[in-house]
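Structure at a glance
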Amino acid sequence: MDRLRAMELFLSISQTRNFSETARRFGISATGVSRMITEIEDELKVKLLLRSTRQVALTESGQEYARQLEGILWRINELQANITAISSAPQGLLRVHSRVMFGQGVLPPLIAAFRKRYPEIHIELTLTEAPVDLRRNQFDIDFRISPPVEAGVKRRMLFQSERHLVAAPAYLAGKPALQVPESILEHECLAYQLPGDEYTWLFKQQEQLSEIAFKPRHVSNNGIALLELARLGEGLVLLDDYTVHNDIRLGRLVRVLDTYRISNKGFDEGMYATILDTAIIPAKIRLFLDFVAEHVAGPELRFAAHGKAAGLDSQSTP
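Residues numbered from 1 in each chain as written. Predicted model: local features only at pLDDT ≥ 70, side-chain atom pairs only at ≥ 80, totals over all residues. Heavy atoms only, no water.

Side note on the environment of Ala113
Tracing the backbone through its elements, the reader meets Ala113 in helix α6 (residues 107-117). Residue Ala113 is classed as buried on the basis of its relative accessible area, which comes to 1%. When the C-alpha positions of Ala113 and Leu49 are compared, they lie 50 Å apart, and in sequence the two are 64 residues distant. (Helix = DSSP H or I, 4+ residues; strand = E, 2+ residues; numbered from the N terminus. Buried < 20%, exposed > 50% of the residue type's maximum accessible area, 1.4 Å probe, protein only.)

Now the structure itself:
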């Protein structure tokens, strides 16, 4: 019995619940698939599948076997790809997930410059605000604003950031002065959509922490939309410092309550590149992480990177 092929067949059946579909995937007969699964069960001396004329179900042992196989087969495939890459130029598909504002404001010029250095690495960029599971969603890298908490991943902190409370000068004209956190209750506030019905901002000054609940004027799950609403004079908005840096510098937005650290979740946020914790990091992942870090890592580079491609072309050749 080809044990590796049998494992691949069983994992496919655990995902499709269909012998015929698995047979089509691997180019063999459904009878051949069934025979190899039976051989696995005989070797393990345990029932993995419950079969009937209408459906296929996994036993408890089958569920555990499939769960462990997913990681084992992924590591085998990555090992083969990485060994192949050692003897050839870096190549292949790199699947990247990012939060929207970082992905839209920072990554595109970096991806374009990276392509000139490594033309055989093709990047597939997905932007969402939702958290992803690297293995289950089949992403190589996830750029997220909070440190990862799940097991089985490695993180690389590119930079720490703060959040700035900002508004358009036209909005602030004639409005009550903002001197203490409670002052926001006299203003229109734009909020990022989070689970729950209550909207709050946290204000920290030295060791004093206060939490102010407010009723937002507008709510969105997209930071870019909130930024544009603030530019249009719709109210106060709380956004990452590197995303509003240029607006503040150009006078489109004004930072308020700047003696406070402000957040809507916590004060350990920044930008973290997250990858699976494997013995060998594939070359395409390592090269892209190093390239991004070269241009954005550290307290100052993050301000220069957002929304700017200037200078990258001259640095994109070895």
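Now that the structure has been shown, the text picks up again.
With respect to helix α10 (residues 283-296)
Taking 1.5 Å per residue as the helical rise, α10 with its 14 residues ought to reach 20 Å, and the 20 Å between its terminal C-alpha atoms agrees with that figure. For α10, the buried fraction is high: 11 of the 14 residues fall into the buried class. Listing the buried residues of α10 in full gives Ala283, Lys284, Ile285, Leu287, Phe288, Leu289, Phe291, Val292, Ala293, His295 and Val296. Where α10 ends, the next residue or the one after it, Gly298, has phi of about 105 degrees, a positive value. (Expected span 1.5 Å × (residues − 1).)

Remarks on the sheet that holds strand β4 (residues 121-127)
Pairing is mixed across the open sheet formed by five strands, whose spatial order is β4-β3-β5-β15-β6. Sheet topology places β4 and β6 (153-160) at the edges, where each strand pairs with a single neighbour. For this sheet the average axis-to-axis angle between neighbouring strands, irrespective of direction, equals 20 degrees. Bridge analysis of strand β5 (residues 141-144) against strand β15 (residues 270-276) gives three bridges, and the strand direction is antiparallel. Following the sheet pairing, Arg144 is matched in β15 by Tyr272. (Pairing = 2+ DSSP bridges. Axes fitted to C-alpha atoms, helices over the stretch in contact; angles between N-to-C directions.)

Observations regarding the pattern of salt bridges
Summed over all chains, the structure comprises 19 salt bridges. Here Arg5 ties to Glu8 by a salt bridge, and the two come within 3.2 Å at their closest N and O atoms. Here Arg5 and its partner Glu8 are both found in helix α1 (residues 3-16), three residues apart, which amounts to about one turn of the helix. Of the residues examined, Arg5 reaches a relative accessible area of 32% and is grouped as partly exposed. We note a salt bridge from Arg163 to Asp240, for which the minimum N-O separation is 3.6 Å. Here Arg163 is found in strand β7 (residues 163-167), whereas its partner Asp240 is found in strand β12 (residues 236-240), with 77 residues between them in sequence. Among the residues examined, Arg163 registers a relative accessible area of 11% and is labelled buried. Salt bridges sharing common partners tie together Glu228, Arg231, Asp247 and Arg252. (Salt bridge = Lys/Arg side-chain N within 4 Å of Asp/Glu carboxyl O.)

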